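Summary of the model geometry
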Amino acid sequence: TAYEIKECDWSSDVCSSDLSMPGVIDVVKLPNGVGVLAKEIEQAFAAKNALTVTWTNGPAATYDSEKALDEFMIVARDKTQRGVDYLATGDLDAGMKKSAKIMRAEYKTRHVYHAQMEPLNATASVAPDGKSAEIWCGTQGPTAAMNAAAQALSTTPDKIKCNQHYLGGGYGRRSQQEVVVDAVLLSKAAGKPVKLVWQREDDIKGGKFRPATAHYLEAGLDANGRIVAWHHRVIAESVTGYTSPPERLAALGGKDHILMKGSVLFAYDVPDKKIEFVRQQRGIRLSPWRGVGVGHNLPAIEGFIDEIAKAAGKDPLAYRLDLASKNPRAQHLLRTVAEMSNWGAKRESAGTALGIALEEKDETLVAGVAEISLDRATGKIKVYNFWAAIDCGVNIQPFNTITQTEGGIVYGIGHVFLEEITHVNGRVQQSNFNDYRVLRMEDVPNIEVKVVSTDNKPTGVGEDGVPLTGACIGNALFALTGVRMKELPMTPARVLAALQQGRT
């Protein structure tokens with residue numbers, strides 16, 4: 001199962017009968033599974049489906065994702081359970097004490113699958129002596145792939161040749177190298193080149209996902225409703241703690257930069273703030289997911305800022321412009337996207353509303369606006385337009401910047417509305433795109449992206465459209481209904497429940 005150390009009960013000859021199936025050459029025990037060698041891929045799949053394998057339970061065999069998320073939220077509220085200060089500036093306690101008002105909010109997000117269109121695969125050819133190999137794969141880390149293959153063969157990376165292919169979609173999933181290791185070991189066992197393909201069901205059941213997160217936020221406001229103190233607690237498992245040796249996270253002082261990215265209020269002027277990571281350990285398999293921590297941190301941060309703006313009686317755009325008073329780049333982007341979307345125009349007759357958000361990731365700034373409507377009978381949200389303005393410094397390839405941002409927005413909208421991985425007793429409940437739904441073409445909105453090139457150093461653009469979606473859509477729903485969705489995904493059932501409760 002997806003989150004257990006897999007041990008095949010090899011003592012009972014459970015696989016021997018499958019060798020008589022057409023085209024089947026061998027069944028091989030792997031460190032984390034079982035591989036079927038066959039002449040044709042369809043023959044291998046047929047034999048795999050006929051296998052009877054006994055698996056041992058691992059550390060996450062009792063993991064229930066919804067129950068765990070509720071437990072994370074209990075930890076989030078309990079400030080006696082201290083975490084690691086990812087960032088601390090000023091004097092938070094003093095800032096809160098002198099505040100005229102303190103507001104609080106809770107948000108949560110669920111596991112999501114990378115949903116790359118090409119399931120994991122790799123081809124390997126191991127030399128007869130088993131000490132060198134050539135591999136062909138789409139990977140986000142060729143050096144890591146070579147290191148993993150070398151370790152599997154007890155050799156050195158200079159004995160591995162890696163042929164890098166198009167990824168077939170990565171989004172963080174192809175930063176992990178288990179498919180390369182399996183291909184190398186199967187080739188060594190077969191004594192000939194082997195092409196290994198995971199079926200979609202293997203890819204989902206054996207996936208490594210974005211962590212589930214719980215967020216507890218407090219903001220101290222002055223008499224004018226401006227934020228002067230900020231405390232954000234993020235409760236989750238550590239991505240770095242899973243993907244790297246233990247000493248890596250220790251060397252970072254427990255600061256998981258993948259998980260916590262985008263949490264520091266880079267663009268806003270808040271004198272007293274603390275951003276805190278409280279690590280949980282449940283044994284779940286994790287991997288960076290496109291947009292990394294910004295994807296789950298931004299909806300909580302920008303959603304809470306929208307709540308604060310409303311409580312202060314301020315327009316969401318005007319409130320952000322004031323908060324970003326010391327960041328002219330951020331202010332310019334906010335004004336740019338406001339102009340693109342005709343912010344402030346009356347839309348009651350159209351039954352739509354706008355939501356705005358500001359994002360910083362790896363020193364790239366992006367502002368976005370979503371225009372949505374809501375079917376109150378079904379709870380389905382429809383996005384009509386999505387505008388974004390991006391400043392990544394000196395822009396070398398504007399067209400590529402636009403297409404990357406557009407693709408990120410499409411990818412992000414799917415995870416806002418549809419995508420979640422759930423676990424019961426450690427088992428992933430989803431199996432394919434029939435029950436792990438991704439965005440369909442009919443739900444893709446009109447998207448407009450404007451590149452704002454500045455004389456700042458060039459920074460990245462590969463992921464920046466993704467995190468905007470949850471924040472902008474959530475804020476648009478708030479503007480339309482007065483109801484705040486505080487969890488992702490915003491499935492129709494959850495939207496209806498929030499409307500019925502009148503959640504604010």
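See above for the structure.
The rules behind these values
Residues numbered from 1 in each chain as written. Predicted model: local features only at pLDDT ≥ 70, side-chain atom pairs only at ≥ 80, totals over all residues. Heavy atoms only, no water. Helix = DSSP H or I, 4+ residues; strand = E, 2+ residues; numbered from the N terminus. Contact = heavy atoms within 4.5 Å. Areas by Shrake-Rupley, 256 points an atom, 1.4 Å probe, with all protein chains shown as cover. Lys, Arg positive; Asp, Glu negative; His and termini not counted. Charge placed at Lys NZ, Arg CZ, Asp CG, Glu CD. Pairing = 2+ DSSP bridges. Axes fitted to C-alpha atoms, helices over the stretch in contact; angles between N-to-C directions. Expected span 1.5 Å × (residues − 1). Buried < 20%, exposed > 50% of the residue type's maximum accessible area, 1.4 Å probe, protein only. Polar contact = N/O pair within 3.5 Å; in protein donor to acceptor, adjacent residues only side chain to side chain. Phe/Tyr/Trp six-rings, centres within 6.5 Å; stacked < 30°, edge-to-face > 60°.

**Notes on the overall build of the chain**
Counting its secondary structure elements, the chain contains 15 helices and 18 strands. Expressed as lengths along the three principal axes of its C-alpha atoms, the size of the chain is roughly 75 × 50 × 50 Å. Considering only contacts in the chain between residues 6 or more positions apart, those separated by 24 or more positions represent 75%. Put simply, the chain shows about 20900 Å² of open surface, and 52% of that area lies on carbon and sulfur atoms. Positive and negative side-chain charges in the chain, numbering 58 and 59 respectively, have mean positions lying 2 Å apart.

**Points about the sheet that holds strand E17 (residues 446–451)**
The mixed open sheet is built from four strands, whose spatial order is E12-E13-E14-E17. Both edges of this open sheet fall to strand E12 (353–361) and E17, since each of them pairs with a single strand only. Geometrically, the sheet is characterised by an average inter-axis angle of 20° between neighbouring strands, direction not taken into account. Strand direction decides the pairing type here: strand E14 (residues 380–391) and E17, joined by six bridges, are parallel. Looking across to E17, one finds that Asn-385 is bridged to Asn-446.

**Observations concerning the sheet that holds strand E11 (residues 272–280)**
Read from one edge of the open sheet, six strands run E3-E11-E10-E9-E4-E18, paired in mixed fashion. Edge positions in the sheet fall to strand E3 (84–89) and strand E18 (487–488), since each has one partner strand and no second. In terms of strand pairing, E3 meets E11 through five bridges, oriented antiparallel. Along E11, the bridge assignment pairs Thr-89 with Lys-273. Lying over the sheet, helix H10 (residues 294–311) contacts strand E4 (101–109), strand E9 (213–221), strand E10 (227–237) and E18, oriented at roughly 145° with respect to E4.

**Describing unusual backbone geometry**
With glycine set apart, most residues show a phi of negative sign, and most peptide bonds adopt trans. Look at the link from Leu-488 to Pro-489: it is a cis peptide, with omega at 0°. Mapped onto the elements of the fold, Pro-489 is located in the loop between E18 and helix H15 (492–501). Here the phi dihedral of Asn-342 falls at roughly 55°; this positive angle occurs in a residue that is not glycine. In the Ramachandran plot, Asp-362 falls in the positive-phi region, its phi being about 50° despite a non-glycine side chain. Within the fold, Asp-362 resides in the loop between E12 and strand E13 (364–375).

**Here's the deal with helix H13 (residues 398–417)**
For H13, built from 20 residues, the straight-helix expectation of 28 Å at 1.5 Å per residue is met to within 8% by its first-to-last C-alpha distance of 29 Å. For H13, every residue scored as buried is listed here: Thr-401, Thr-405, Gly-408, Ile-409, Tyr-411, Gly-412, Ile-413, Gly-414, His-415, Val-416 and Phe-417. Elements in contact with the buried residues of H13: H10, E14, E17, helix H14 (465–481) and E18.

**Brief notes about the side chain of Arg-285**
Within the element layout of this structure, Arg-285 appears in the loop between E11 and H10. Looking at Arg-285, its side chain comes within polar contact range of the side chain of Glu-178, at 3.5 Å.

**What to know about the packing of aromatic side chains**
Taken as a whole, this structure holds five aromatic pairs when the rule is applied. Measuring from centroid to centroid gives 5.3 Å for Tyr-113 and Tyr-436, while their planes differ by 90°, and the two rings are edge-to-face. With Tyr-113 in the loop between E4 and strand E5 (121–126) and Tyr-436 in the loop between strand E16 (427–428) and E17, the pair connects residues that are 323 residues apart, well separated along the chain. For the residue pair Tyr-113 and Tyr-436, the accessibility class agrees, reading buried in each case. With a centroid separation of 5.2 Å and an interplanar angle of 35°, the aromatic rings of Trp-289 and Tyr-411 are classed as tilted. Here Trp-289, found in the loop between E11 and H10, pairs with Tyr-411, found in helix H13; they are 122 residues apart in sequence, far enough to count as distant.

**Considerations on the environment of Phe-209**
With respect to the helices and strands, Phe-209 occurs in the loop between helix H6 (200–205) and E9. For Phe-209 and Ile-41, which are 168 residues apart along the polypeptide, the C-alpha to C-alpha distance reads 27 Å.

**Things to note about the pairing of E11**
Among the nine residues that make up E11, eight are buried, leaving the element largely enclosed by the rest of the structure. Bridge analysis of E10 against E11 gives nine bridges, and the strand direction is parallel. If you follow Arg-233 over to E11, its bridge partner there is Glu-276.

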